[in-house]
Amino acid sequence: MKKNKKYRWGLKLATLALSSSVLFSTIDTAAAATYTVKSGDSLWKIANQYGVTYQTLMKWNNLSSSTIRVGQKLNLNTTSTISTPTPKPTAAAAPKPTVTITPKPTNLVQVAKQQLGVKYTFGGSKPSTGFDCSGYVTYVYNNAGISTARKSAAGFYSTAKKVSSPQVGDLVFFANTYKAGISHVGIYIGNNQMISASDGGVSVANINSSYWKTHFAGYGRI
């Protein structure tokens, strides 16, 4: 009888220990389903650590941007609080991709050519009233997605990076046309040609023609 009684008590203790183990294991796992953001963390870094994409983390946490702050708690899996993903070794992490947005010269040239024939108007900066040379450059750049403030030809020259080998979309500068100093600006479209707003309106011209070659001052990039 004593042996049976001891056996029953032993069985009860074992059952209690197992229940406690399961309970605390569940609590620990549920706690592991959130992550507290630390200094130096990024959404991509945290996602890579837990084997998911940063877009998935954004979806789980209803984030509209990838910006996070120190101390912020992130839900690691809204569909389950029982299992925690196994972190990937940091040594195997792929480099974070970078996205660089650059102007598309083809689009810029398309915008520039859409204004061919628009009349010349001193101080003009839109098709409905006409363009002067700098107003035309400002209009084309902004409508091609390259934000720039309205400047004179000399203003564009002073702020542009000077280049010796022009690319399509670069600026071409001329001096001493109707006044001393930098006085005219056009857009380089390749094959020694530019498009600009001059006395005859918006038109294409050869930079090496006798007139423009005489006044050529250089190329610039913004």
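Residues numbered from 1 in each chain as written. Predicted model: local features only at pLDDT ≥ 70, side-chain atom pairs only at ≥ 80, totals over all residues. Heavy atoms only, no water.

### As for the layout of surface pockets
Working step 1: As a volume, the largest pocket reaches approximately 340 Å³.
Working step 2: As for the largest pocket, its lining consists of 20 residues, and the residues nearest its centre are Tyr120, Cys133, Tyr178, Ser183 and His184.
Working step 3: Only α5 (133–143), α6 (153–159), β7 (182–190), β8 (193–198) and α7 (210–215) provide two or more residues apiece to the lining of the largest pocket.
Working step 4: The element best represented in the lining of the largest pocket is β7, accounting for three residues.
Working step 5: Residues that form the lining of the largest pocket fall into these classes: ten nonpolar, six polar and four charged. (1 Å grid on protein atoms, 1.4 Å probe; cavity = no way out; pocket = protein on both sides within 12 Å on 5 of 7 lines; lining within 4 Å. Points joined across faces, edges and corners; volume = space filled by probe spheres on them. Helix = DSSP H or I, 4+ residues; strand = E, 2+ residues; numbered from the N terminus. Nonpolar A, V, L, I, M, F, W, Y, C, P; charged D, E, K, R; others polar.)

### As for the nonpolar core
Working step 1: Core analysis: the largest hydrophobic core is formed by 26 residues, its most contacted members being Tyr136, Leu171 and Ile187.
Working step 2: Listing elements by their share of this core, those giving two or more residues are α4 (105–113), α5, α6, β6 (171–175), β7 and β8.
Working step 3: Of the residues forming this core, the biggest block, five residues, is contributed by α5.
Working step 4: Among residues more than four places away in sequence, those in contact with Leu171 are Val137, Tyr141, Phe156, Val185, Gly186, Ile187, Gly218, Tyr219, Gly220 and Ile222.
Working step 5: With twelve residues, the next largest nonpolar core counts Ala47, Leu57, Met58 and Leu74 among its residues. (Core = buried A, V, L, I, M, F, W, Y, C linked by side-chain atoms within 4.5 Å. Buried < 20%, exposed > 50% of the residue type's maximum accessible area, 1.4 Å probe, protein only. Contact = heavy atoms within 4.5 Å.)

### Quick look at the confidence of the model for the protein chain
Working step 1: Residue-level pLDDT values for the protein chain average 80, and 73% of them are 70 or greater.
Working step 2: Least confident of the elements in the protein chain is helix α1 (residues 2–31), whose mean pLDDT is 49; most confident is β6, at 97.
Working step 3: Predicted confidence is poor over residues 79–83, with pLDDT under 50, and the contacts of this stretch with residues over four places away or in other chains come to six contacts. (pLDDT = per-residue confidence, 0-100.)

### Observations regarding the pattern of salt bridges
Working step 1: In total, this model carries three salt bridges according to the counting rule given.
Working step 2: Of the charged contacts, one joins Asp41 and Lys38 as a salt bridge, the two residues approaching to 3.9 Å between their closest N and O atoms.
Working step 3: Note on Asp41: relative accessible area 16%, which makes it buried.
Working step 4: The partner of Asp170 in a salt bridge is Arg221, and the shortest N-O contact between them spans 2.8 Å. In this pair, Asp170 is assigned in the loop between β5 (161–163) and β6 and Arg221 in strand β10 (residues 216–221), connecting sequence segments 51 residues apart. (Salt bridge = Lys/Arg side-chain N within 4 Å of Asp/Glu carboxyl O.)

### Some remarks on the packing of aromatic side chains
Working step 1: Applying the stated criterion across every chain yields a total of nine aromatic pairs.
Working step 2: Taking the centre distance of 5.0 Å and the plane angle of 85° together, the rings of Tyr157 and Phe173 count as edge-to-face. Pair noted here: Tyr157 is in helix α6 and Phe173 is in strand β6, with a separation of 16 residues, a long-range link.
Working step 3: Looking at Phe173, the relative accessible area reads 0%, which means it is buried.
Working step 4: On the numbers, 5.0 Å between centres and 80° between planes, the contact of Tyr211 with Trp212 is edge-to-face.
Working step 5: By way of ring pairs, the aromatic residues Phe174, Tyr188, Tyr211, Trp212, Phe216 and Tyr219 are connected into one cluster.
Working step 6: Directly above the aromatic system of Tyr157 lies the positively charged group of Lys162, at a separation of 4.5 Å from the ring centroid. (Phe/Tyr/Trp six-rings, centres within 6.5 Å; stacked < 30°, edge-to-face > 60°. Lys NZ or Arg CZ within 6 Å of the ring centre and 35° of its normal.)

### Some points on α5
Working step 1: Of all eleven residues that make up α5, eight are buried, and the element is covered over most of its length.
Working step 2: Just beyond α5, the residue with positive phi is Gly145, at close to 90°.

### Examining the side chain of Ser196
Working step 1: One can find Ser196 in strand β8.
Working step 2: At 3.1 Å, the side chain of Ser196 and the side chain of His184 are in polar contact. (Polar contact = N/O pair within 3.5 Å; in protein donor to acceptor, adjacent residues only side chain to side chain.)

### Observations regarding unusual backbone geometry
Working step 1: A positive phi angle, close to 55°, is found at Asn62, a residue other than glycine.
Working step 2: Within the secondary structure, Asn62 is located in the loop between α3 (54–60) and β2 (73–75).
Working step 3: Even without being glycine, Asn191 reaches a positive phi, approximately 55°.
Working step 4: Note that Asn191 resides in the loop between β7 and β8.

### Regarding the sheet that holds β5
Working step 1: The strand order across the open sheet formed by six strands is β5-β10-β6-β7-β8-β9, and the pairing between neighbours is antiparallel. One side of each edge strand has no neighbouring strand; the edge strands of this open sheet are β5 and β9 (201–206). Between one strand axis and the next, the sheet turns through 40° on average, direction left out of account.
Working step 2: Across three bridges, the pairing between β7 and β8 is antiparallel. Each residue of the ladder has a partner; that of Tyr188, found in β8, is Met194.
Working step 3: In the packing of α5 onto the sheet, the strands contacted are β6, β7, β8 and β9, and the crossing angle to β7 comes to about 40°. (Pairing = 2+ DSSP bridges. Axes fitted to C-alpha atoms, helices over the stretch in contact; angles between N-to-C directions.)

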